[in-house]
Amino acid sequence: MSFWDHLEELRFCVLRSLAAVGIFSLIGFIFKGPLFDGIVLSPTRPDFFLYRWTGLQVDMELINIDVTAQFFIHLKMAVALGFVAAFPFIVWQIWSFIAPALYDNERKAIGNAFKLGSVLFYLGVVVGYCFVLPVCLNFFMGYQVSDAVSNTISLSSYISLFTSMVLLIGLVFEFPTVIMALSRLGMVGRESLRKYRRHAFMVILILSALITPSDPVSMFVLSVPLYLLYEFSILLCRKNNTSSIEEK
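Conventions adopted
- Residues numbered from 1 in each chain as written.
- Predicted model: local features only at pLDDT ≥ 70, side-chain atom pairs only at ≥ 80, totals over all residues.
- Heavy atoms only, no water.
- Core = buried A, V, L, I, M, F, W, Y, C linked by side-chain atoms within 4.5 Å.
- Buried < 20%, exposed > 50% of the residue type's maximum accessible area, 1.4 Å probe, protein only.
- Helix = DSSP H or I, 4+ residues; strand = E, 2+ residues; numbered from the N terminus.
- Salt bridge = Lys/Arg side-chain N within 4 Å of Asp/Glu carboxyl O.
- Axes fitted to C-alpha atoms, helices over the stretch in contact; angles between N-to-C directions.
- Left-handed = near helix turned anticlockwise from the far one by under 90°.
- Contact = heavy atoms within 4.5 Å.
- Nonpolar A, V, L, I, M, F, W, Y, C, P; charged D, E, K, R; others polar.
- Expected span 1.5 Å × (residues − 1).
- Bend = angle between axes of the 7 residues up to and from the residue.
- Parallel < 35°, antiparallel > 145°, perpendicular 65-115°, else oblique.
- Phe/Tyr/Trp six-rings, centres within 6.5 Å; stacked < 30°, edge-to-face > 60°.
- Patch = residues over 30% accessible without salt bridge, like charges linked within 9 Å, V, L, I, M, F, W, Y side chains within 5 Å.
- Areas by Shrake-Rupley, 256 points an atom, 1.4 Å probe, with all protein chains shown as cover.

Student: What is the right way to look at the nonpolar core in this model?
Tutor: When a protein is soluble and globular, its nonpolar side chains tend to lie buried together. The biggest cluster of nonpolar side chains holds 60 residues, and the ones touching the most others in it are V40, M77, L137, Y158 and F162. Those elements giving two or more residues to this core turn out to be α2 (32-40), α3 (49-54), α4 (69-98), α5 (104-141), α6 (155-172), α7 (175-184), α9 (197-211) and α10 (216-247).

Student: What should I look at first to understand the pattern of salt bridges in this one?
Tutor: The full count for this structure, using the stated rule, is 5 salt bridges. The residue R11 makes a salt bridge to E8 at a minimum N-O spacing of 2.7 Å. Note that R11 and E8 are positioned in helix α1 (residues 3-30) at a spacing of 3 residues, about one turn of the helix.

Student: In this structure, what is going on with the environment of M202? I would like to understand it.
Tutor: Relative to the helices and strands, M202 resides in helix α9. Exposure remark for M202: the relative accessible area of 48% places this residue in the partly exposed category.

Student: I would appreciate a short explanation of the packing of α5 against α6 in the present structure.
Tutor: In contact at an axis separation of 7 Å, α5 and α6 are set at 145° when each is read in the N-to-C sense. The way α5 lies across α6 gives a crossing that is right-handed. Listed contacts from α6 to L120, F121, G124, V125, G128, Y129, V132, L133, C136 and L137 of α5 are Y158, L161, F162, M165, V166, L167, I169, G170 and L171. Looking at the contact of α5 with α6, its residues break down into 16 nonpolar, 3 polar and no charged.

Student: When you look at α5 in this model, what are you seeing that I'm missing?
Tutor: Three- or four-residue spacings in an α-helix give side chains the same orientation, since the helix completes a turn every 3.6 residues. Helix length check: α5, at 38 residues, gives a terminal C-alpha distance of 54 Å against a target of 56 Å (1.5 Å per residue), a fit within 8%. At G128, α5 shows its largest kink, close to 40°.

Student: Sorry if this is basic, but what is going on with the packing of α2 against α4 here?
Tutor: What describes two packed helices is the angle between their axes and the distance between those same axes. Across the interface, α2 lies against α4 with an axial gap of 11 Å and an inter-helix angle of 80°. Considering their axes alone, α2 and α4 lie roughly perpendicular with respect to each other. Touching K32, L35, F36 and V40 of α2 are I73, H74, M77, A78 and L81, all from α4. Residue classes in the contact of α2 with α4 are distributed as 7 nonpolar, 1 polar and 1 charged.

Student: Any chance you could explain the packing of aromatic side chains here in plain terms?
Tutor: Note on aromatic pairs: each is described by the distance of the centres and the angle between the planes. A full pass over the atoms with the stated rule returns 19 aromatic pairs. Look at F29 and F71: their rings are 6.3 Å apart centre to centre, the planes differ by 85°, and that puts the pair in the edge-to-face class. Residue F29 is found in helix α1, and its partner F71 is found in helix α4; the two are separated by 42 residues along the sequence. Its relative accessible area of 46% is what places F71 among the partly exposed residues.

Student: What's the story with a nonpolar patch on the surface in this structure? I'm lost.
Tutor: A cluster of nonpolar side chains, W4, L7, L10, F12, V14, L15 and L18, forms an exposed patch at the surface whose accessible area comes to about 680 Å². For L10, a relative accessible area of 35% gives the class partly exposed.

Here it is as structure tokens:
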């Protein structure tokens, strides 16, 4: 294929991905009640499952101070739902675009990494939604500089925290997928990952501070699974390097 043929194929992959996101976004926009009352706003209520199991105290009353905010937040969360729901299809479109350029052994290795990618993304979304976000809410709703100042949270502020906790953590959980692909291509080895464990731990702490609002509890809740993912990446490298030797 020529360069322009490749570009045309990439355009179709992008259009198909956008169409999938659009379809799921439309569904999310139509079913406003289940989207917000059942999913998005559920961590703001005291009956959220993690609060019942752990005894955390969160009871938020959200307000809106912008005339157009509720409509655009509805639209924003519908698109976010569309992206999450269409993520496996997006990954498959990316894979279908790059697969023809790979050798058979590379195609098998990278294909396994792409399959793992969707699983890890949803795992990150679950960790962010079920654990990191509720812990952050519990900390900040219970923190006051003075009894004279009460916490009255705007809807826009909560949605901003929600998207950063859920979507960003889902994307960060893709790290083992990248390591697995690079390892099978011979670009990363397990020994180098072991050597830089301490450096990786510091990077994980910094990354956790950037994603979370930087309180110690939420940083710890996020840094633990991220470090476990780093160790999991080392195991993937070990398995991949062994298989590469056997193939040679």
